[in-house]
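Each chain is listed here by its residues.
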Amino acid sequence: MEQYAIRGGNPLVGDVEIAGSKNAVLPILAACAMTDETVYIDNVPDVWDVKTMLDAMQGIGVTVSRANRHKAMLNAQDINNLIVENEAIKKIRASYYLLGALLGRYKMAQVVLPGGCDIGSRAIDQHLKGFRALGAEVVIEHGLIKAKARRLVGSHIYMDGVSVGATINIMMAAALAEGRTIIENAAKEPHVVDVANFLSSMGANIKGAGTDVVRIKGVSRLHGTEYTIIPDQIEAGTFMFAAAITKGDVTVKNVIPKHLESITAKLLEIGCEVKEKDDCIRVVSSKPLMHTQVKTLPYPGFPTDMQPQITAALALAEGTSIVTESIFENRFKYVDELTRMGAGIKVEGNTAIINGVEKYTGASITVPDLRAGAALVIAALAAEGCTMVDDIKYIERGYEDFHIKLRNLGAQIELVETEKDYQKFKLKTG
Ligand code: EPZ
């Protein structure tokens with residue numbers, strides 16, 4: 001099993017190209033099943049979750065081909081199965097998007113209950129509430145979510161909580177329902193807007209995405225399209241915090257600075273310099289990091305997917321910082337691993353109280369989930385000595401070439417398979 005061997009201490013310096021957004025491309029791929037015409041998608045990140053989604057779609061008869069690593073072509077005219085239950089798809093959260101997509105087009109779908117990172121209870125009641133409001137009968141049986149409808153009819157849906165997944169799923173099904181749907185208290189994340197733009201490019205009629213009221217006028221069919229996925233806000237934010245924590249100077253390229261405003265604001269607060277251009281942001285960290293307070297919130301608030309990365313940085317900041325997680329109840333599991341590296345963090349309920357320490361020291365650590373994994377890696381890059389990072393499969397779910405991009409910025413990081421390789425790495429870099 002592969003692990004990362006890391007020797008910390010090098011400031012990260014240089015430019016890094018940001019890939020397409022994982023959380024936008026997953027629903028967009030699912031939505032390709034909503035037309036019998038060919039769809040071309042560009043800026044597809046080459047990550048494990050995307051491969052899994054494409055495999056599942058091929059499993060129900062979608063033809064998938066790739067012009068290159070980042071361009072996919074999908075054609076769903078020969079879908080032959082509306083039951084999605086392959087083994088791998090169970091492991092990704094985004095499997096549930098096939099429910100909205102297939103229900104919209106075929107008025108029937110069965111998809112295994114979603115998996116994904118273990119960061120909280122991750123209910124799906126709002127998805128089901130939305131489908132039912134559109135007229136579908138939905139049951140959970142034998143590990144499958146089964147939805148079917150004679151007709152889908154537009155409806156006025158008030159979401160009990162802000163949910164990215166439920167907003168997107170309902171938007172997809174409603175795009176092919178009869179009449180008008182209004183989703184109130186909708187999620188406003190950039191990837192919700194990207195999915196709405198994608199569906200619109202296929203002929204859907206969607207207004208208000210990016211605000212908390214989304215209005216959809218159903219159409220009878222969708223057509224093929226060509227579409228480019230937006231840059232990954234969280235990958236960009238991760239590299240921005242990697243610059244902060246390693247006292248580096250990193251420019252993230254191919255980003256939409258507007259999507260990164262909450263992240264930029266926190267970097268400024270903790271003492272970094274941040275310079276924005278049209279499609280890139282430079283982060284320079286030359287002063288000691290300062291403490292701050294942060295609470296994760298739906299967009300445009302500070303993203304929960306950046307919570308571990310900011311915590312890793314604040315653990316090296318002067319004074320006491322407070323991080324409150326308000327989206328997922330189980331997203332501090334990585335704190336024990338940071339503690340092995342010398343961090344002074346106490347978790348009480350959904351709050352981490354962080355007493356900054358002068359340095360991390362390398363240790364053997366295990367990744368509990370995707371974003372926590374990225375945070376542990378950037379902590380290791382700032383640590384004195386070597387760190388061995390286990391269970392990096394979680395990181396590969398959502399970051400393309402993570403260690404290669406870090407190495408291109410000057411990090412000492414390698415994939416190793418055995419203890420012997422790790423010892424060799426230590427000797428080589430020592
Ligand atoms: C998406 O998860 C992302 N996943 C997550 O990315 C991200 O952390 C999250 O949105 C928040 O931004 C994908 O896009 C595949 P939610 P999702 O529905 O859709 C509760 C990453 O690291 N809720 O917005 O599952 C839920 O329990 C990840 O890339 C309900 O109660 O998130 C949570 O507390 C991990 N009922 C809150 O809402 C529901 O029906 C927000 O969840 C749905 C959600």
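Residues numbered from 1 in each chain as written. Predicted model: local features only at pLDDT ≥ 70, side-chain atom pairs only at ≥ 80, totals over all residues. Heavy atoms only, no water.

1. Remarks on the overall build of the protein
Secondary structure assignment for the protein yields 14 helices and 24 strands. Its C-alpha atoms give the protein a radius of gyration of 22 Å, near enough to 22 Å, the size a compact globule of 430 residues would have. Principal-axis analysis of the C-alpha atoms places the extent of the protein at approximately 65 × 45 × 40 Å. Burial status across the protein gives 57% buried among its 430 residues. Partitioning the contacts of the protein with sequence separation of at least 6, the portion at a separation of at least 24 is 73%. Element-wise, carbon and sulfur atoms account for 49% of the exposed surface of the protein, whose accessible area totals about 16600 Å². (Helix = DSSP H or I, 4+ residues; strand = E, 2+ residues; numbered from the N terminus. Rg over C-alpha atoms; globule rule 2.2 N^0.38 Å. Buried < 20%, exposed > 50% of the residue type's maximum accessible area, 1.4 Å probe, protein only. Contact = heavy atoms within 4.5 Å. Areas by Shrake-Rupley, 256 points an atom, 1.4 Å probe, with all protein chains shown as cover.)

2. With respect to the pattern of salt bridges
Evaluation of the coordinates by the stated rule reveals 25 salt bridges. Between K275 and E273 there is a salt bridge, with the nearest N and O atoms lying 3.5 Å from each other. With a relative accessible area of 43%, K275 lands in the partly exposed category. Using a relative accessible area of 37% as the deciding quantity, one classes E273 as partly exposed. (Salt bridge = Lys/Arg side-chain N within 4 Å of Asp/Glu carboxyl O.)

3. Thoughts on the packing of aromatic side chains
Centre-to-centre distance and the angle between the planes together describe a pair of aromatic rings. Throughout the structure, instances matching the rule amount to 5 aromatic pairs. Geometrically, the ring pair formed by F239 and F402 is edge-to-face, given 5.7 Å between the ring centres and 65 degrees between the ring planes. With F239 in helix α7 (residues 233–245) and F402 in helix α13 (residues 402–408), this pair connects stretches of sequence that are 163 residues apart. The burial state of F239 is the same as that of F402; both residues are buried. An aromatic cluster of three or more residues is present, and its members are F239, Y399 and F402. (Phe/Tyr/Trp six-rings, centres within 6.5 Å; stacked < 30°, edge-to-face > 60°.)

4. Quick look at the site of the ligand
The immediate surroundings of the ligand are formed by 22 residues, with Q126, S163, V164, D305 and I327 found nearest. One nitrogen or oxygen atom from the side chain of K22 is found 3.0 Å from an oxygen atom belonging to the ligand. The separation between an oxygen atom of the ligand and a polar side-chain atom of Y96 is 2.8 Å. Bound to the protein, the ligand loses 88% of the 830 Å² it would expose on its own. (Near = heavy atom within 4 Å. Polar contact = N/O pair within 3.5 Å; in protein donor to acceptor, adjacent residues only side chain to side chain.)

5. Concerning helix α1 (residues 22–31)
Of all 10 residues making up α1, 9 are buried, and the element is well covered by its neighbours. Restricting attention to buried positions, one finds in α1 the residues K22, A24, V25, L26, P27, I28, L29, A30 and A31.

6. A closer look at the sheet that holds strand β14 (residues 225–228)
Ordered in space as β4-β5-β3-β14, the 4 strands form an open sheet in which the pairing is mixed. Among the strands making up the open sheet, the edge pair consists of β4 (63–68) and β14. Shown here is a sheet whose adjacent strand axes are inclined to one another by a mean of 20 degrees, direction ignored. Where strand β3 (residues 39–42) lies against strand β5 (residues 71–75), 3 bridges are found, and the strand directions are antiparallel. What sits directly across from V39, in β5, is L74. Its contacts with the sheet place helix α2 (residues 48–59) against β4 and β5, and it is angled at close to 140 degrees to β4. (Pairing = 2+ DSSP bridges. Axes fitted to C-alpha atoms, helices over the stretch in contact; angles between N-to-C directions.)

7. Some words on the environment of A56
Summarising the element assignment, A56 is placed in helix α2. Considered as a pair, A56 and G271 are 215 residues apart in the sequence and their alpha carbons are 45 Å apart. Setting aside anything within four residues of it in sequence, one finds A56 in contact with V84, N86 and I89.

8. Topic: the sheet that holds strand β19 (residues 320–324)
Pairing within the open sheet is mixed, and its 4 strands lie in the order β18-β19-β21-β20. Only two strands of the sheet have a single partner each, and these edge strands are β18 (293–295) and β20 (344–348). Strand-to-strand twist across the sheet, computed as the mean angle between neighbouring axes with direction ignored, equals 15 degrees. Judged from the 5 bridges that link them, β19 and strand β21 (residues 351–355) form a sheet pairing that is antiparallel.

9. Thoughts on the side chain of N169
With respect to the element layout, N169 can be found in helix α5 (residues 164–175). In this structure, N169 is in contact with Y96, Y97, L99, G100, H127 and F131, ignoring residues within four places of it in sequence.

10. Section: the pairing of strand β16 (residues 273–276)
Pairing between β16 and strand β17 (residues 280–284): 4 bridges, direction antiparallel. Among the inter-strand pairings, E273 is bridged to a residue of β17, identified as V284. The turn linking β16 back onto β17 is made up of 3 residues.

11. Points about helix α3 (residues 97–106)
Structurally, the α-helix is built with 3.6 residues per turn, so residues lying three or four positions apart point the same way. Within α3, 8 of the 10 residues are buried, which leaves the element mostly enclosed by the surrounding structure. Restricting attention to buried positions, one finds in α3 the residues Y97, L98, L99, G100, A101, L102, L103 and G104. After α3 finishes, the residue K107 shows a positive phi value of roughly 65 degrees.

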